[in-house]
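In case you want the letters, here they are:
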Amino acid sequence: MFDAHAHLDAMAQRAGLEASAQFVDDVMSDARAVGVVAAITVGDTVASSRWCVQAAARHPDVYAAVAVHPTEIAGLTDTDYAELERLAADERVVAIGETGLDYYWVRTEPHAQQEHFRRHIDLAKRLGKTLMIHDRDARADVLRILREEGPPEQVVFHAFSGDIAMARECVTAGYVLSFPGVITFKNAPALREAATAVPLDQLLVETDAPFLTPHPHRGTPNAPRLLPLTVSGLAAAIEQEVAELCAAVRATGKRVFGIDGG
Ligand SMILES: [Zn+2]
C-alpha cells in the first residue's frame, strides 16, 4: 500500500523536530513496518515544494507533489511559478498539488484563487503530470473550472469530502477520489456512502498527515504508519476484502502516479 498524500515537512514541524533526512527515514521505516511502502509528500508553498523534491531525491520510498495551496497563494509571483515549473519537471515529482479552491478559510478572495488554480491546471497539462486537488466548500467551482480548462489526463481529488452526488459526478468525469482517515469517523456516514459510488479503479487512500488522523487515534498527529486504519475503514464501507482493495489501489497508483506500491 502507499500513502497518496502526506505532508512530511509539516509532520516534523508539528512534532517540533527538524525536517531532516533522518526524520523522513524514521517516518518511512515506521510505515514500511506496517506495509506502507511509499508516500507522496505534498508541497503547499514554494519552499515546501522545494523541500518535498529534496526529500524524494533522498529517499527511495518518497515521491513529491509540488504546488501552492489555495490558502497560501497571496503574493505568488511569476518568478515563483517559474520555480514551481522547474521543480515539477523532476522525475520524482508525480503530481501538481495541492491546488484547488478553499472557500472555508478564504484567505484570498475566490476570483484570485480561481486564477491560480487555472495556472496550476495549465502547469499539470504542459508537464504531463497528475493534478492533485484540494476542494473545501468549493465543489461547483472546482468542477466548472476543470471543465472550462479541460482537465489533465489524470485528476485526483485529495481528501475527498463530498457526498454521493459529488462522487458520482467525479467518477463520470474519470477523476480519482482519494479517501482520508475521515472515512473511519463515526460522524461520517455520508462519506462512507459516497465511497460506495466509486469503482475500485478510481479509489486511492491517503493520510494527509499530520492532519485527519483516523479513529481511534484522533487528537494525535497523523502519520503514514496509520494508513492501514483508513484502508480497513474504506474496505468496510465499500464491502470489499482489504487485500482486494490494496491490489486495486496499487494498480491505480501505478496508473496515476507511476508508483509501485509494493
Ligand atoms: Zn494536504
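As the structure is a computational prediction, the values presented were derived from the model and not from experiment.

Position of Q154 relative to the elements: it lies in the loop between α6 (139–149) and β6 (155–157). Setting aside its immediate chain neighbours within four residues, Q154 contacts T130, L131, R255 and V256.

Moving on to the coordination of the zinc ion. Surrounding the zinc ion are the protein donor atoms H5 (NE2), H7 (NE2), E98 (OE) and D208 (OD), which sit 2.1 to 2.3 Å from the metal. When the donor residues of the zinc ion are listed from N- to C-terminus, their spacing reads H-x1-H-x90-E-x109-D. Of this pair, H5 sits in strand β1 (residues 2–6) while E98 sits in strand β4 (residues 93–102); the two residues are 93 residues apart in sequence, bridging distant segments of the chain. Given the relative accessible area of 0%, H5 is considered buried. Note on E98: relative accessible area 2%, which makes it buried.

All right, on to the side chain of H116 then. Within the fold, H116 resides in helix α5 (residues 110–127). The contacts of H116, once residues within four sequence positions are left out, are I73, L76 and Y81.

Another aspect to go through is the pairing of strand β5 (residues 130–136). Burial within β5 is extensive, with 6 of its 7 residues counted as buried. Where β4 and β5 come together, 6 bridges link them in parallel fashion. Counterpart to I96 in the pairing with β5 is L131. Crossover β4 to β5 through α5 is right-handed. In terms of strand pairing, β5 meets β6 through 3 bridges, oriented parallel.

Rules used throughout
- Residues numbered from 1 in each chain as written.
- Predicted model: local features only at pLDDT ≥ 70, side-chain atom pairs only at ≥ 80, totals over all residues.
- Heavy atoms only, no water.
- Helix = DSSP H or I, 4+ residues; strand = E, 2+ residues; numbered from the N terminus.
- Contact = heavy atoms within 4.5 Å.
- Donors = N, O, S within 2.8 Å, 3.2 Å for Na, K, Ca; no water.
- Buried < 20%, exposed > 50% of the residue type's maximum accessible area, 1.4 Å probe, protein only.
- Pairing = 2+ DSSP bridges.
- Right-handed = clockwise from strand over helix to strand, strands pointing away.

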